[in-house]
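The chain contents come next:
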Amino acid sequence: MQIHDLPYPDPGLPDARSGPRFLLWLGRNQLGGQLKSLCWGLLHFLSVASLPYGVGFAVQAVVDGSGSRLALAGGLILLLGAALALGDTMLHRTAVTNWITAAARVQQLLARRTAALGAALTRRVAAGEVVAVSTGDVEKIGWFVEALSRFAAAALTVVVVCVGLVLYQPALGIVVAVGMPVLALAVLPLLPRATRRADQQREKAGRATELASDTVAGLRVLRGIGGEELFLDRYRRASQEVRTAAVRSARMWSLISAVQVLLPGLLLIAVVWYGIELARQGRITVGELVTVYSAVMILNYPLRHFEEIAMAYSFSRPSAQRAARVLSLERVTEPGGLRAAEAPAGDLYDPVTGLLAPAGRLTAVVCGDPDLAGRLADRLGGHPTDADPGTRSASASDSASASDSASASASASASDSASASASDSASDSASDSASASASASASASGNGSGSGSDSDSDSGSGRNPDKAATPVTALPSVLLGGVPLDELPLDTARTAVLVQDKDPVLLSGTLAELLDVPSSGSVRPEEALAAAQCADVLDALSQASLDADPMNARITERGRSLSGGQRQRLALARSLVTDPEALVLDEPTSAVDSHTEARIAEGLRALRSGRTTVVLTSSPLLLDRADRVVLVHEGTVAAVGEHRELVLTEPRYRAVVTRETDEEAASAALSRNAGTSLRDEPGIGDAGIEELTEIEETA
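Summarised in this report is the structure supplied together with it. Note that the coordinates shown come from a computational prediction; the quantities given were computed from them, not determined experimentally.

1. Observations concerning the sheet that holds strand β11 (residues 628-633)
Spatially, six strands are ordered β6-β9-β10-β3-β11-β12 in an open sheet, and the strand pairing comes out mixed. The strands lining the two open edges of the sheet, one partner per strand, are β6 (497-500) and β12 (636-641). Adjacent strand axes in the sheet meet at a mean angle of 20 degrees when their direction is disregarded. By the bridge criterion, five bridges tie β11 to β12 in an arrangement that is antiparallel. Residue L631 lies in a different strand from β12, and its bridge partner there is A639. With respect to the sheet, helix α11 (residues 370-380) is in contact with β3 (362-367), β6, β9 (582-586), β10 (612-616) and β11, its orientation differing from that of β9 by roughly 165 degrees.

Here it is, written out as structure tokens:
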């Protein structure tokens, strides 16, 4: 693979069981490039190592006064010089090619894994770690792949030179052959400590990077609350910890470098001293002494690559471990799906909570727990989650029974919607109550008989079914038109249901590029921007841009030049442009004012007319304009109806929507009881109560 052939058509299936296994897999896939680099490296190093023979031959020719041998020695040195230059050039070329192609392979693997995991990636891996893997870690892995062939060439050269010296001059060659392995292995006791210090440095650097990323992302909020200095102090302390760890690591590596310089020097002194004694005794010639001396000097060059490969491995091993951790993440469901790639249509139903969103209607969902709302939004989008202690779990049989009940309730709801008006909430409430009770009964039966399926699931995944810990069971999938989303191909499921979370990300680029997303084509960008009330956003972009057309205005990274409300409205417009079969919005208006929120509610209702829309919110303005409102309490549908009805009849709903405290709830209950008592009094009645209520409201 050459650089101009990148990217790879297929980067392959990596061995992500551990960091070393991943490096080994990467080396096997780079085998062709490694062999090329090894051959050119051998030419380079052997040419360097052969120069002492030419120099010694020339010195002996001068001593013997032989002009022909001197000319032959000169020609040999010129030939070795040409081979050295060619080998060095091609070694550098092939080694850099190995580096770049290995880094490109890792980046392609990470990009594919990121695309496959989607939003689940950042929930399972810290954002700072993802950034570190895709940038610095990729370079360190490429460095090891690039240094590996040079080290192999250097090691073979040392062996060849030692054997050659033994054959050329046994007396001195044996000394060199014994000393070289000692030099190569002398630093091994220092490597574990150096590796630990390097790991500590990278761990602290990763935390500092994550802290810096979080600080930059929340800079506007920090300025609003005056928290810049607090986070600056935190980053300053983290930076100093990185500096201290880097100095400690550098001290150890400097000690290793010093050993690599000191020991060859001692070997050289021993060889020269012994060689002089042999020359005085007449056992070797001056040329042979010069040859051995020069060879020992030259061997310091390939020996330096022993230190390089040790550093490269110590730095790349944790980097490969982090990359393997990301690459080993798997989706709970297969991206290919089990059904045909045809997007279903119909009601959106969650068998875990009992939530039913009828097709073509605007359903608002109220959750007292924001974390539960976020998990529910993910589930409705087909992003599988594991059962946690606060959520009811269901087995595979439960999922089937829940699917049946969902299909029945969905068809019932469809017939009700066909024959009833939008304000007829009684049939909706009955349908939802029936589906919720069906789901609850399915879950209850699963609690009694689902232990066997849980055990099977554990044994199938390699866990011990006899273990005392509670097994984690995958929750049943959300159904769209009676079809489980986890059985659809990934692309089809994402096209059918779109989820906009609490903190949507705006990519850098022009506004036209931001809204250029896969869509049905039924909603134009202008209509989506109008429904999301983005007129002031367009004005602000036009003023900040040289182009009068706001669609050509550039949006900075993550939209940091815009306010929180402006970013939220642009994200909403982007979601509306896609026009999916079912749209799930998690707190889409939490950062806008009440007047804008009311207009957004009207625009959303009008633009999504006839399409399934679910809004998770506690805003009365959105709730009042929804066709139906569902209260989810402790992971289960607790009430269904219209906003004004639930405010009066459901205390838990009223507490969430109106932020009513326990004291206020008790006071309201006393007032209602007092009103009932007054109504029973002779001469007061309902008219008197209404008059007292008007007086109280006026006051």
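2. Digging into the nonpolar core
Counting 43 residues, the largest nonpolar core has L511, L529, L570, V629 and Y653 as the members making the most contacts within it. Here this core takes six residues from helix α19 (residues 564-578), the largest share from any one element. Not counting the four nearest positions on each side in its chain, Y653 is found in contact with V366, L623, V629, L631, H643, L646 and V647.

3. Description of the pairing of β10
Burial of β10 is extensive: five of the five residues sit out of reach of the surface. Burial along β10 is two-sided: the face carrying T612, V614 and L616 and the face carrying T613 and V615 are both buried. The sheet contact formed by β3 and β10 spans four bridges and is parallel. Within β10, the residue paired with L362 across the bridge is T613. Read from β9 through helix α20 (residues 594-607) to β10, the crossover connection turns out right-handed.

4. Quick word on the pattern of salt bridges
A complete count under the given rule lists 24 salt bridges for this structure. The closest approach of N and O atoms between R304 and E307, which form a salt bridge, is 3.3 Å. One end of the pair is R304 and the other is E307, both in helix α10 (residues 286-327) and three residues apart, which spans about a single turn. With a relative accessible area of 36%, R304 lands in the partly exposed category. Put simply, R652 and E650 hold a salt bridge, and the shortest N to O gap is 2.9 Å.

5. A closer look at α20
For α20, spanning 14 residues, the distance from its first C-alpha to its last is 20 Å, which sits close to the expected 20 Å at 1.5 Å a residue. Every buried residue belonging to α20 is among T596, E597, A598, I600, A601, G603 and L604, and all of these are buried. The distance from a side-chain oxygen at the start of α20 to the backbone nitrogen of H595 is 3.2 Å, and the residue carrying that oxygen is D593.

6. Some thoughts on the sheet that holds strand β4 (residues 479-480)
With antiparallel pairing, the four strands of this open sheet are ordered in space as β2-β1-β4-β5. Unpaired on one side and paired on the other, β2 (355-357) and β5 (483-484) mark the two borders of the sheet. When β4 meets β5, the two strands line up antiparallel, connected through two bridges. Its bridge partner being in β5, L480 is matched across the sheet by V483. Lying on the sheet, α11 is in contact with β1 (348-350) and β2; it crosses β1 at an angle near 125 degrees.

7. Considerations on helix α2 (residues 31-64)
Helical periodicity: at 3.6 residues per turn, an α-helix aligns residues three or four positions apart in one direction. Taking 1.5 Å as the rise per residue, α2 with 34 residues should run 50 Å; its terminal C-alpha atoms sit 49 Å apart, in good agreement. Most pronounced at A49, the bend in α2 amounts to some 25 degrees, and the proline P52 follows within four residues. Positive backbone phi, at 70 degrees, marks G65, one or two positions downstream of α2.

8. So, the packing of α2 against α10
Axes are the key here: two packed helices are described by the angle between their axes and the distance separating the axes. Two elements in contact, α2 and α10, have axes whose closest approach is 8 Å; the angle formed by their N-to-C orientations is 165 degrees. Relative to α10, the element α2 lies roughly antiparallel. With respect to the hand of their crossing, α2 and α10 are arranged in right-handed fashion. Residues H44, F45, V48, A49, P52, Y53, V55, G56, F57, V59 and Q60 of α2 form the contact with α10, whose participating residues are V286, G287, V290, T291, S294, A295, I298, Y301, P302 and H305. In terms of residue class, the contact of α2 with α10 is built from 14 nonpolar, seven polar and no charged.

9. Details of a nonpolar patch on the surface
Nonpolar side chains collect at one region of the surface, where V159, V163 and L167 lie side by side and expose about 310 Å² of accessible area between them. On the secondary structure map, L167 appears in helix α5 (residues 127-168).

10. Describing the packing of aromatic side chains
In total, this model carries seven aromatic pairs according to the counting rule given. Relative to F315, the ring of W143 lies with its centre 6.2 Å away and its plane at 50 degrees, an arrangement referred to as tilted. Linking W143 in helix α5 with F315 in helix α10, this pair joins segments that are 172 residues apart in sequence. Note on F315: relative accessible area 14%, which makes it buried. Put simply, the rings of W143, W253 and F315 pair up and form one aromatic cluster. Here R105 stacks its cationic end above the ring of Y8, 4.0 Å away from the centre of that ring.

Calculation notes
- Residues numbered from 1 in each chain as written.
- Predicted model: local features only at pLDDT ≥ 70, side-chain atom pairs only at ≥ 80, totals over all residues.
- Heavy atoms only, no water.
- Pairing = 2+ DSSP bridges.
- Helix = DSSP H or I, 4+ residues; strand = E, 2+ residues; numbered from the N terminus.
- Axes fitted to C-alpha atoms, helices over the stretch in contact; angles between N-to-C directions.
- Contact = heavy atoms within 4.5 Å.
- Core = buried A, V, L, I, M, F, W, Y, C linked by side-chain atoms within 4.5 Å.
- Buried < 20%, exposed > 50% of the residue type's maximum accessible area, 1.4 Å probe, protein only.
- Right-handed = clockwise from strand over helix to strand, strands pointing away.
- Salt bridge = Lys/Arg side-chain N within 4 Å of Asp/Glu carboxyl O.
- Expected span 1.5 Å × (residues − 1).
- Polar contact = N/O pair within 3.5 Å; in protein donor to acceptor, adjacent residues only side chain to side chain.
- Bend = angle between axes of the 7 residues up to and from the residue.
- Parallel < 35°, antiparallel > 145°, perpendicular 65-115°, else oblique.
- Left-handed = near helix turned anticlockwise from the far one by under 90°.
- Nonpolar A, V, L, I, M, F, W, Y, C, P; charged D, E, K, R; others polar.
- Patch = residues over 30% accessible without salt bridge, like charges linked within 9 Å, V, L, I, M, F, W, Y side chains within 5 Å.
- Areas by Shrake-Rupley, 256 points an atom, 1.4 Å probe, with all protein chains shown as cover.
- Phe/Tyr/Trp six-rings, centres within 6.5 Å; stacked < 30°, edge-to-face > 60°.
- Lys NZ or Arg CZ within 6 Å of the ring centre and 35° of its normal.

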